[in-house]
Amino acid sequence: MGRKVILDSDTASDDTIAILLSSRLFDLLGVTIVAGNVDYDSQVKNCLFSLEYFGCSDVPVFLGSKRPIMGQWRTVPEVHGKNGLGDWDYPEPKKIPEKEDAVDAILRLSREYDGELEVLAISPLTNLALAYLKDPSIATRVKKVWIMGGAFSRGNTTPFAEFNFWVDPEAAKIVLDAGFDVTIVPWEVTEEYGVIDTETWKKIETMGTKLSEFFVRANRTLRDFSISQGNPGSVHPDSLTVYLAYDNSSVIESRRLRVDIETCSKTRGGMIVDWYSKENANAEVVLKADGKKFRDALLSILSSF
Ligand code: RIB
Ligand code: CA
């Protein structure tokens, strides 16, 4: 059996591809849902449908926080489509969420897989922060937290802040100060190494598999938005983060640094990196990655059925 993971998601566009990759590369114990990209109920439905479509109906979905800790954020349908899946009018999923709350599920699984559980955090960090506040000892049981979040200088939501950290900066600060073993994949790294360019889109559009069709239908709004922002194709921050978590050899450069989060003023949600002090370093920050390995792995999985 593979490495045991939970994936925490605000399920839209690329989150679904991250779910696909995590279901094929890890032992996916569950998906926890958190407020973020689009309206909460659409995120839940996107996740349930995606798991069914991928042949993963047995993977449980747990409902988590419907708002960030301070409750101030907005959704981004302009990036993902109103329903979060490129406005694909897909059939109603039969699968339903579990009765157990996401925070309780995270704590339970951290006990059941003490020292083994990894968290793929590809969304605002509200659920993991609430789990820590409920039981701080979780930080000693979770083996690793892989975070897609933060921007050095090219905020994608404000000029200072990447979306996941902007939606819930208090949660990001709580998680980064909790003592977890953390690796962060920042926004700029995903723009550089996590793009599916138009050439690769053409390969996927002509692949003729169920999964390639899913990729195209779920990510077309994301592709158009990414290109409108000056990228050569769709940017896939969540699936790159999942792939780097799986294949650490695809992390070409990273540094252990002190990372803090701005929680007030105009720079709220900003990631503050101390590049010089070795004092109190709290995260491994990915700086360079092997984008070709990521794309090759994605194409291989999309061609599989
Ligand atoms: O900034 C990109 C991140 O915010 C991605 O995880 C996307 O899904 C949104 O959650
Ligand atoms: Ca996400």
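Look up: the structure comes first, before these words.
Quick look at the structure, then. Numbering of residues starts from 1 in each chain and follows the order in which that chain's sequence is written. Chain letters start at A and ligand numbers start at 1, both assigned in the order the entries are written. Note on the predicted model: pLDDT of at least 70 is required for a residue's local features to be given, and 80 or more for side-chain atom pairs to be given and counted; whole-chain, interface and lining totals, by contrast, use all residues. Processing note: side-chain calculations cover all non-hydrogen atoms of the structure and skip hydrogens and water entirely.

As for the nonpolar core
Inside soluble globular proteins, nonpolar side chains tend to come together where they are buried. Spelled out, the test is: Residues grouped as a nonpolar core are buried Ala, Val, Leu, Ile, Met, Phe, Trp, Tyr and Cys residues, joined through side-chain atoms within 4.5 Å. Working definition: with a 1.4 Å probe on protein chains only, accessible area under 20% of the residue-type maximum means buried, over 50% means exposed, and in between means partly exposed. Working definition: helices are DSSP H or I runs of at least four residues, strands are E runs of at least two. Numbering for both runs from the N terminus. The criterion used for residue contact is that any of the two residues' heavy atoms lie within 4.5 Å.
Ranked by size, the top nonpolar core spans 58 residues in total, and within it Leu-7, Val-31, Leu-51 and Phe-214 carry the most contacts. Among the elements that line this core, the one with the most residues is helix α2 (residues 40-53), at seven residues. Dropping the residues within four chain positions of it, Phe-214 is found in contact with Thr-16, Ile-17, Phe-49, Ser-50, Tyr-53, Phe-54, Leu-85 and Trp-88. Core analysis: the second largest hydrophobic core is formed by 36 residues, Ile-106, Ala-131, Ile-147 and Ala-171 among them.

Observations regarding α2
Rules: In a helix, the anticipated span is given by 1.5 Å times the number of residues less one.
Its 14 residues place the ends of α2 20 Å apart at the C-alpha level, agreeing with the 20 Å of an ideal helix rising 1.5 Å per residue. Across the 14 residues of α2, eleven count as buried, placing the element largely inside the fold. Along α2, the residues classified as buried are Tyr-40, Ser-42, Gln-43, Val-44, Asn-46, Cys-47, Leu-48, Phe-49, Ser-50, Leu-51 and Tyr-53. Where α2 is buried, its residues contact α1 (14-25), β2 (27-33), β3 (61-63) and α11 (210-228). Where α2 ends, the next residue or the one after it, Gly-55, has phi of about 80°, a positive value.

What about the coordination of the calcium ion (ligand 2)?
The condition is simple: The donor definition counts N, O and S atoms within 2.8 Å of each metal and applies 3.2 Å to Na, K and Ca; water is not among these atoms, so some sites may look incomplete.
Each protein donor to the calcium ion (ligand 2) is listed here as Asp-10 (OD), Asp-15 (OD), Asp-15 (OD), Ile-122 (O) and Asp-238 (OD); together their distances run 2.2 to 2.8 Å. The sequence motif formed by the donor residues of the calcium ion (ligand 2) is D-x4-D-x106-I-x115-D. Placement of the pair is Asp-15 in helix α1 and Ile-122 in the loop between β4 (118-121) and α5 (126-134), with a sequence separation of 107 residues. Each of the two residues, Asp-15 as well as Ile-122, counts as buried.

Some remarks on the environment of Gly-155
Among the structural elements, Gly-155 can be located in the loop between β5 (144-148) and α7 (163-167). Judged by relative accessible area, Gly-155 falls into the partly exposed class, the value being 23%. As for Gly-155 and Gly-270, which are separated by 115 residues in sequence, their C-alpha atoms are 7.9 Å apart. Ignoring anything within four residues of it in the chain, the contact list for Gly-155 reads Phe-160, Ala-161 and Glu-162.

With respect to the site of ligand 1
The criterion, for reference: Any residue with a non-hydrogen atom lying within 4 Å of a molecule or strand is treated as near it. Between N or O atoms, a polar contact is any pair within 3.5 Å; within protein, one atom must be a potential hydrogen donor and the other a potential acceptor, and residues adjacent in sequence are included only when both atoms are from side chains. In this description, accessible areas are obtained by the Shrake-Rupley approach with a 1.4 Å probe, and a residue is regarded as covered only by the protein chains that are shown. Cavities and pockets are defined on a 1 Å grid built over the protein atoms alone: a cavity is a set of grid points where a 1.4 Å probe fits but cannot escape, while a pocket is an open set with protein on both sides within 12 Å along at least five of seven lines, and lining residues are those with an atom within 4 Å of any such point. What decides whether a molecule sits in a cavity or pocket is whether more than half of its atoms lie within 2 Å of the grid points. Under the convention adopted here, Pro, Cys and the residues Ala, Val, Leu, Ile, Met, Phe, Trp and Tyr are nonpolar, Asp, Glu, Lys and Arg are charged, and Gly plus all remaining residues are polar.
Within the structure, ligand 1 sits among Asp-10, Asp-15, Asn-37, Ile-122, Met-148, Asn-156, Glu-162, Phe-163, Asn-164, Pro-237 and Asp-238. Contacts to ligand 1 include Asp-15, whose side-chain N or O atom sits 2.8 Å from an oxygen atom. Take Asn-156: an N or O atom from its side chain is 2.8 Å from an oxygen atom of ligand 1. About the coverage of ligand 1: the protein hides 94% of its 280 Å² of free accessible area. Here ligand 1 occupies the largest pocket. When contributions to the shell around ligand 1 are tallied by element, the ones reaching two or more residues are α7 and α12 (237-246). For the shell around ligand 1, the residue count by class is four nonpolar, three polar and four charged.

Quick notes on the packing of aromatic side chains
Filter applied, for reference: A pair of Phe, Tyr and Trp rings is counted when the ring centres sit within 6.5 Å of each other, with Trp represented by its six-membered ring. The angle between the planes then sorts it: under 30 degrees is stacked, over 60 is edge-to-face, the rest tilted.
For the structure shown, the criterion picks out 17 aromatic pairs. When the centroid spacing of 4.8 Å and the interplanar angle of 65° are considered together, the rings of Phe-54 and Phe-214 count as edge-to-face. Of the two residues, Phe-54 sits in the loop between α2 and β3 while Phe-214 sits in helix α11, which places them 160 residues apart along the sequence. Given the relative accessible area of 1%, Phe-214 is considered buried.

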